[in-house]
Amino acid sequence: MSGHTGVLTPRGAARGGLADLAEPTVAMADQRLDRGRKRRRALRLARRLGAWLCVGLLVVALGAALASGGRRLLSASSFAVERIEVVGQNLLAADEVIAASGLASGQSLFSLDARRAVARIEALPRVRRAELVRAFPNRVTLLVEERQPFALVHSGGLQWPGGLHWPSGLHWPSGLHWVDEQGVPLGPETRAVALDTPLVSGVDAADVAAAGRTASERVALGVALIRTLMRAQSPLLREISEVDVSRPEGPVLYMLDGVEVRLGNEEWDDRLGRLGGVLAQLRASGQRATSIDLRFRDQVVLRTAAK
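This is a predicted model, so every value here is computed, not measured.

(A) Layout of the packing of helix H7 (residues 217-231) against helix H8 (residues 268-285). Between H7 and H8, whose axes approach to 11 Å, the crossing angle comes to 65 degrees. Crossing of H7 against H8: the hand is right-handed. Mapping the contact onto sequence places Leu 221, Ala 224, Leu 225, Thr 228, Leu 229 and Arg 231 in H7 and Trp 268, Asp 269 and Leu 272 in H8. When its residues are assigned to classes, the contact of H7 with H8 shows six nonpolar, one polar and two charged.

(B) A look at the side chain of Thr 141. Mapped onto the elements of the fold, Thr 141 is located in strand S3 (residues 139-146). Polar side-chain contacts of Thr 141 include one of 3.5 Å to the side chain of Glu 85. Look past the residues within four positions of Thr 141 in its chain and what remains in contact with it is Glu 85, Val 87, Glu 131, Leu 132 and Val 133.

(C) Representation of the sheet that holds strand S14 (residues 301-304) within the structure. Taken in spatial order, the nine strands make up an open sheet running S7-S6-S4-S9-S10-S11-S12-S13-S14, and their pairing is mixed. Every interior strand has two partners, whereas the edge strands, strand S7 (185-188) and S14, have only one. With direction set aside, neighbouring strand axes in the sheet form an average angle of 25 degrees. Both strand S12 (residues 260-262) and strand S13 (residues 289-293) contribute to a ladder of three bridges, which runs parallel. Residue pairing across strands places Val 261 opposite Ile 292, the latter belonging to S13. Contacting strand S4 (151-155), strand S6 (176-179), strand S9 (199-203), strand S10 (240-244) and strand S11 (252-255), H7 crosses the sheet at an angle of about 155 degrees to S9. Taken strand by strand, H8 contacts S11, S12, S13 and S14, and its axis lies near 155 degrees from that of S13.

(D) Inspection of the packing of aromatic side chains at higher detail. In this structure the tally under the stated criterion is one aromatic pair. Judged by centre distance (5.5 Å) and plane angle (45 degrees), the ring pair of Phe 110 and Phe 136 falls under tilted. With Phe 110 in the loop between helix H4 (94-101) and helix H5 (114-122) and Phe 136 in the loop between strand S2 (127-135) and S3, the pair connects residues that are 26 residues apart, well separated along the chain.

Rules used throughout
- Residues numbered from 1 in each chain as written.
- Predicted model: local features only at pLDDT ≥ 70, side-chain atom pairs only at ≥ 80, totals over all residues.
- Heavy atoms only, no water.
- Axes fitted to C-alpha atoms, helices over the stretch in contact; angles between N-to-C directions.
- Helix = DSSP H or I, 4+ residues; strand = E, 2+ residues; numbered from the N terminus.
- Left-handed = near helix turned anticlockwise from the far one by under 90°.
- Contact = heavy atoms within 4.5 Å.
- Nonpolar A, V, L, I, M, F, W, Y, C, P; charged D, E, K, R; others polar.
- Polar contact = N/O pair within 3.5 Å; in protein donor to acceptor, adjacent residues only side chain to side chain.
- Pairing = 2+ DSSP bridges.
- Phe/Tyr/Trp six-rings, centres within 6.5 Å; stacked < 30°, edge-to-face > 60°.

By themselves, these figures tell us nothing about what the structure is for.
See the structure below:
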C-alpha cells in the first residue's frame with residue numbers, strides 16, 4: 001500500500017495530476033448547469049410584477065371609489081348649511097357680518113371657503129379678528145372680535161374764540177372720527193358726544209380716511225399719549241381737553257382753561273409728573289399761566305398771564 005500514497009493524498013508525488021475517469025460526451029458538452037436557476041428567477045420576477053400590478057389596480061379602484069364618495073358627500077343635502085350664527089358682535093349687525101362673509105344657506109359645510117369668508121369679515125372697519133367654526137351637520141358660527149372706540153380724532157383746524165379749543169367734555173361732530181386703542185380709524189361720528197378722554201387734533205382727512213387700516217403716525221402718537229395717561233391713572237386726564245399732534249417737536253396739550261403745554265416727544269411719564277406739580281403750585285399761588293414748556297431737562301418754562 002505504501003506505493004500508492006502519492007495517488008491517495010494531495011501531498012503525493014503523482015506527476016501530471018489526476019486523470020478524468022471518463023471522457024465527456026456530446027450531450028454533456030451542451031449541458032448548462034445554471035439554466036434551472038435562471039428559470040426560477042424569471043418566475044419569481046413575474047410573480048412580483050403581477051403582485052405590484054394588482055396593488056396598483058386596487059389603489060386606482062379605491063381612489064375612484066373615494067372620489068366618487070367624496071363628491072356625493074360634498075353634495076349631500078344633509079350637510080348643507082341651514083343656519084349661520086354670529087357671536088361677539090356689538091356695534092355691527094349680525095346680518096352685516098353674514099353679508100360680508102359671502103356665506104349663504106344651502107352651501108355644503110365641506111366646500112365652503114372658510115379662509116375667504118374670514119378675510120372678508122376682517123375687512124370690515126370695525127372688526128379686529130374673526131373666526132369661522134363648522135358645527136356639523138348643518139350650522140356655521142362666525143366669531144367676531146370688534147374694534148372698540150377708544151378716542152375721537154378731529155381732522156381739521158376748528159378752534160373756539162378766545163384761544164379755547166373745546167368746551168369742557170363736549171365735542172361737536174365736525175370732522176370727528178373714532179379710532180381704536182391702536183389708532184386704527186373706525187369711522188366718523190355724526191352726533192355730539194361727551195368724552196372721557198382728550199380729543200386728538202392736528203391731523204388731516206387722509207389720516208382717518210382709510211377705516212379699518214393701519215393707524216397713521218400722527219394718530220398713533222396721540223393715542224399713545226392718552227394710553228400713557230391712562231396707564232398712570234393720571235388726574236390730568238380730567239384737565240386736558242385736546243392733544244395736538246401736528247407739530248414736529250412733539251404733542252401739545254391744551255388744558256380745559258386754555259393753558260398750552262408743550263410736552264415734546266420723549267420722557268412723557270416724567271414730564272407729565274412735573275406738569276402735575278407745576279399746576280398744583282400755580283393753583284396754590286393764585287397765578288395763572290398761559291403756556292408751560294416741559295421740553296427742557298430739569299427746567300420748566302412758564303408764561304404767566306398779566307394781572
